[in-house]
Amino acid sequence: MNFRRLGAGIVVGTGFCEDLLEQGPDAFLLLTADGTIAFVNSAAERLFGYPREELLGVQHTILLSEEARRGFLRVFGRLGRKSQAGSRPFAAVGRHRDGSELAMEITCALVSVDAGTAMAVAVRDAEHRNDSDSGRRLAVSLLDATLESTSDGIVVVSNEGQITGINDQYLKLWGMPPELIAAEDPNALVRFIADQLVDPDYFLQKVSALYADSLMQSHDVLEFADGRTVELYSRPQKVADAIVGRIWNFRDITSRRRAQDQARRAMEELAEQAGKLKELAFQDPLTGLANRMLFNERAAAALLTPEPVHVLLLDLDDFKEVNDVLGHHAGDEMLVEISRRLQNCVGPHGTVARLGGDEFVVLLVGCRDADGVAQRVVSTLNAPVSIEGTLMRPGLSLGVASRDAGTETSSELLRQADLAMYAAKEAGKNCYVHFQPEMLAALLERTQLTAGLRRAVELGQITVHYQPVISSDRLEVVQFEALARWEWEGELIPPDDFIETAERSGLIREIGAEVLRRSCTELAPWLGEDPFRSLAVNVSGVQLQHRDFAERVLDIAAWSGVDPRQLVLEVTESVFFDAHSHVIGQLETLREAGIRVALDDFGTGYSSLGRLQDLPVDVVKIDKSFVSMLQTGVEKLPILTSMIHMARSLGLKVTAEGIETPAQARYLMDHGCDALQGFLFSRPEPGAARQRAVSNSTAAIADLEGVPLPG
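> Break down a negative patch on the surface for me, with residues and values.
Negative charge collects at one region of the surface, where Glu489, Glu491, Asp496 and Asp497 lie side by side. Relative to the assigned elements, Asp497 resides in the loop between strand S22 (491-493) and helix H19 (499-505). Under the relative-accessibility criterion, Asp497 is labelled partly exposed at 48%.

This is the structure in structure tokens:
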């Protein structure tokens, strides 16, 4: 410390000052700007029960009760503003080392030390004060501590006209300069506020009336000249039934008032437009078409008449891609255009409704040519439409259901149209299909298939068969493709017959994981014999949509002891059109771990040869439909050869599947195909018969090369 004072011609050294503080009866502390205790005297040790070494360098808050901390921190701010209120003694509740509370009277002042500005704090034990005086000081302290916790602007004025409390929100509300607050003149504050009001005279009269009657309470609304609105609450401040001052509470209600005004105007408009609101309740907000509620109402009414009733249900195929590629605003534009075309097709005698998303329904009552309307809808909607300069051709699937003797409700008719619509999708889309009773049987069959598949997954009844893949260079089996099989009701069901059901039901995730786990376990010894060998497993786009897919694959490989570099995941082109960026990211993560990605059924999707270089793949598998074009082996098939050469020029390996004849195999080998797969070598075999698949492949290779089998 570096205190030095001059008085009566006497120079007093710093040692004298420290002795004086040390021997003083009051506790004395010195706090740095961040509230750290830098000095305490013996009286402070006695008052709080702490030895000096436990206090130096710690925060002052350990000496205060929880309630007293916020009010005490505000003293710094007051002293910084040179407010007289900051230097007045105030009551606070301290905390002794043993946890008990202490009644204290605190006086603070700013002092300059070597490290900058600090706060000198003198603390006096206030237990000896009489109850009324102690209660009043404690009430003021608690009020001071809570001022900053409210969003209202608050100022407290004592009976003597002194400002005993004020918060920052009050300053912000009125935009008061600091020097005005430092003056602590309540009258100046009143004049400053009055100058900003629309009716200053009313405010001044109200203030005078409140000061004239100390018991009076008031609630007023003040209008600012700048358009703001403020509520004023004023009430006496009491301590132990004695009025010690007045509390002025200002609350900015501008937003609430505006909201109330807007709500009132809205209610008035709603009352005037009740008829229009009823109309809007039955209208799709985007297209202006009828909505589901109005459709159901009109369909129910139509079924009460003897007239023919038809329902045409349609949805747009691949509409999600419009939203993903061009944005939702472009999708909305297309929906509006589709709505316009539908209305033109149907005319005024039918109801066109939007059920939601990209699903529309048409209700025809008394129509004798529902097929004509359906055909017109398909051809009209399938015509190109320009969306933000991009020419697009909407695709759709349409189901038609007509009322018969057994149809009783609109929901039943809509369900029949829904079944017909999905039959149209299966028929190739961009067409319409009439509901047939057997569709209900097909639905029941799909439901039973789903239930059976779920049961098979739960009981572990999904098995794995393996088909060998032959290396054109090594002329031996270098890979097995793992293929899921399901034995249901005594019949072995191939994946083409249940994978779609598995994807629709979400069971594909469990099935895919089980196939990978089982094939890794069964082939681990075979893979361990030669690092050139590999295992290929098919992966659905539904599996890739789960963010933990890559992690699960790597966990299974680690658990089974299979080197990730010996795994190949086969995906179709459709996964690369998924809008979820994490799908591509997961494939890239797996490739970084050494796992290869094969593009299955290449040539049957939408990808061009040039797009191959942009896809995260290592192998392309030429679809068997191209291989089947080879009959004699001397055909000129530029498409097939171009696919092989383009893939190899991009550094990709090429596998041909569906090979059934030696002529096909020789042609593909001569044109640079890296690997061969098909019934020529072996059909898929269960794990126990995998060696038979190898033997069959060896025999086929020997025949292909004209080399006799050993022995």
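Having seen it, we continue.
> Describe the nonpolar core, with residues and values.
Ranked by size, the top nonpolar core spans 75 residues in total, and within it Leu640, Ile659, Leu668 and Phe681 carry the most contacts. Looking at which element gives the most residues to this core, the answer is helix H20 (residues 508-528), with 9 residues. Apart from residues lying up to four places away in sequence, Ile659 is in contact with Val627, Gln664, Ala665, Leu668, Leu676, Gln677, Gly678, Phe679, Leu680 and Phe681. Judged by nonpolar contacts, the second largest core, of 29 residues, contains Leu312, Val346, Val373 and Val378.

> Could you give me a rundown of the confidence of the model for the protein chain, with the residues and numbers involved?
A residue-level look at the protein chain finds 86% of positions with pLDDT of 70 or above and a mean pLDDT of 82. Note on residues 1-13: pLDDT is under 50 here. Beyond four places in sequence and across chains, it has 16 contacts. Every residue in residues 707-711 is under pLDDT 50, and counting partners more than four places away or in other chains gives 4 contacts.

> Tell me about the sheet that holds strand S10 (residues 218-223), residues and numbers included.
Across the sheet, which stays open at both edges, the 5 strands sit in the order S9-S8-S12-S11-S10 with antiparallel pairing between neighbours. Both outer strands of the open sheet, strand S9 (163-166) and S10, are each paired with one neighbouring strand and no more. Going from strand to strand, the sheet's axes swing by 20° on average, the running direction of each strand aside. Both strand S11 (residues 229-239) and strand S12 (residues 242-252) contribute to a ladder of 10 bridges, which runs antiparallel. Bridging across to S12, Val239 finds its partner in Ala242. The sheet contacts of helix H10 (residues 200-212) involve strand S8 (153-158), S10, S11 and S12, and relative to S10 the element is tilted by about 160°.

> A description of the sheet that holds strand S4 (residues 37-40) should follow, citing residues and the corresponding values.
Strand order in the open sheet made by the 5 strands is S4-S3-S7-S6-S5, with antiparallel pairing throughout. A strand with exactly one partner marks an edge of an open sheet, and here the two such strands are S4 and strand S5 (90-95). Between one strand axis and the next, the sheet turns by 35° as a mean value, whatever way the strands run. Bridging between strand S6 (residues 101-113) and strand S7 (residues 116-125) involves 10 bridges; their strand directions are antiparallel. Its bridge partner being in S7, Val113 is matched across the sheet by Gly116.

> Residue-level account of the pattern of salt bridges, with values.
Inspection of the entire model under this criterion finds 29 salt bridges. The closest approach of N and O atoms between Glu337 and Arg340, which form a salt bridge, is 2.6 Å. Residue Glu337 and its partner Arg340 are both found in helix H15 (residues 328-346); the two are separated by 3 residues, about one turn of the helix. Residue Asp530 is joined to Arg474 by a salt bridge in which the shortest nitrogen-to-oxygen separation is 2.9 Å. Of this pair, Asp530 sits in the loop between H20 and strand S23 (534-538) while Arg474 sits in the loop between strand S20 (462-471) and strand S21 (477-488), placing them 56 residues apart in sequence. Judged by relative accessible area, which is 15%, Asp530 ranks as buried. Here the salt bridges do not stand alone but share partners, grouping Glu481, Glu570, Lys621 and Glu657 into one network.

> Run through the pairing of S20, naming residues and quoting values.
The element S20 is largely enclosed, with a buried count of 9 among its 10 residues. Sheet topology places S20 next to S21; 9 bridges connect them, and they run antiparallel. Within S21, the position partnered with His465 by the bridge is Leu483. Alignment of S20 against strand S29 (residues 685-686), held across 2 bridges, turns out to be antiparallel. Looking at S29, one finds that Tyr466 is bridged to Glu685. Looking at chain direction, S20 and strand S28 (residues 675-676) are connected through 2 bridges and run antiparallel. What sits directly across from Ser471, in S28, is Ala675.

> With reference to specific residues and values, describe the packing of aromatic side chains.
Summed over the entire model, instances satisfying the criterion amount to 6 aromatic pairs. Between Tyr170 and Phe250 the ring centres are 5.8 Å apart and the planes differ by 55°, which places this aromatic pair in the tilted class. With a gap of 80 residues between them, Tyr170 in helix H7 (residues 168-174) and Phe250 in strand S12 connect regions that are remote in the sequence. The exposure class assigned to Phe250 is buried, which follows from its relative accessible area of 2%. Clustering of aromatic rings is evident, with ring pairs tying together Tyr466, Phe480 and Trp526.

> Lay out the environment of Asp34 with the relevant residues and their values.
Along the chain, Asp34 turns up in the loop between strand S3 (27-31) and S4. Look at Asp34 and you get exposed, because its relative accessible area is 54%.

> Could you give me a rundown of the packing of helix H14 (residues 319-326) against H15, with the residues and numbers involved?
The contact between H14 and H15 brings their axes to 6 Å, and the two run at 140°. Here H14 lies oblique to H15, going by the angle between them. In contact with Phe319, Val322, Asn323 and Leu326 of H14, H15 contributes His328, His329, Ala330, Gly331, Met334 and Leu335.

What counts, and where the lines are drawn
- Residues numbered from 1 in each chain as written.
- Predicted model: local features only at pLDDT ≥ 70, side-chain atom pairs only at ≥ 80, totals over all residues.
- Heavy atoms only, no water.
- Patch = residues over 30% accessible without salt bridge, like charges linked within 9 Å, V, L, I, M, F, W, Y side chains within 5 Å.
- Areas by Shrake-Rupley, 256 points an atom, 1.4 Å probe, with all protein chains shown as cover.
- Salt bridge = Lys/Arg side-chain N within 4 Å of Asp/Glu carboxyl O.
- Lys, Arg positive; Asp, Glu negative; His and termini not counted.
- Charge placed at Lys NZ, Arg CZ, Asp CG, Glu CD.
- Helix = DSSP H or I, 4+ residues; strand = E, 2+ residues; numbered from the N terminus.
- Buried < 20%, exposed > 50% of the residue type's maximum accessible area, 1.4 Å probe, protein only.
- Core = buried A, V, L, I, M, F, W, Y, C linked by side-chain atoms within 4.5 Å.
- Contact = heavy atoms within 4.5 Å.
- pLDDT = per-residue confidence, 0-100.
- Pairing = 2+ DSSP bridges.
- Axes fitted to C-alpha atoms, helices over the stretch in contact; angles between N-to-C directions.
- Phe/Tyr/Trp six-rings, centres within 6.5 Å; stacked < 30°, edge-to-face > 60°.
- Parallel < 35°, antiparallel > 145°, perpendicular 65-115°, else oblique.

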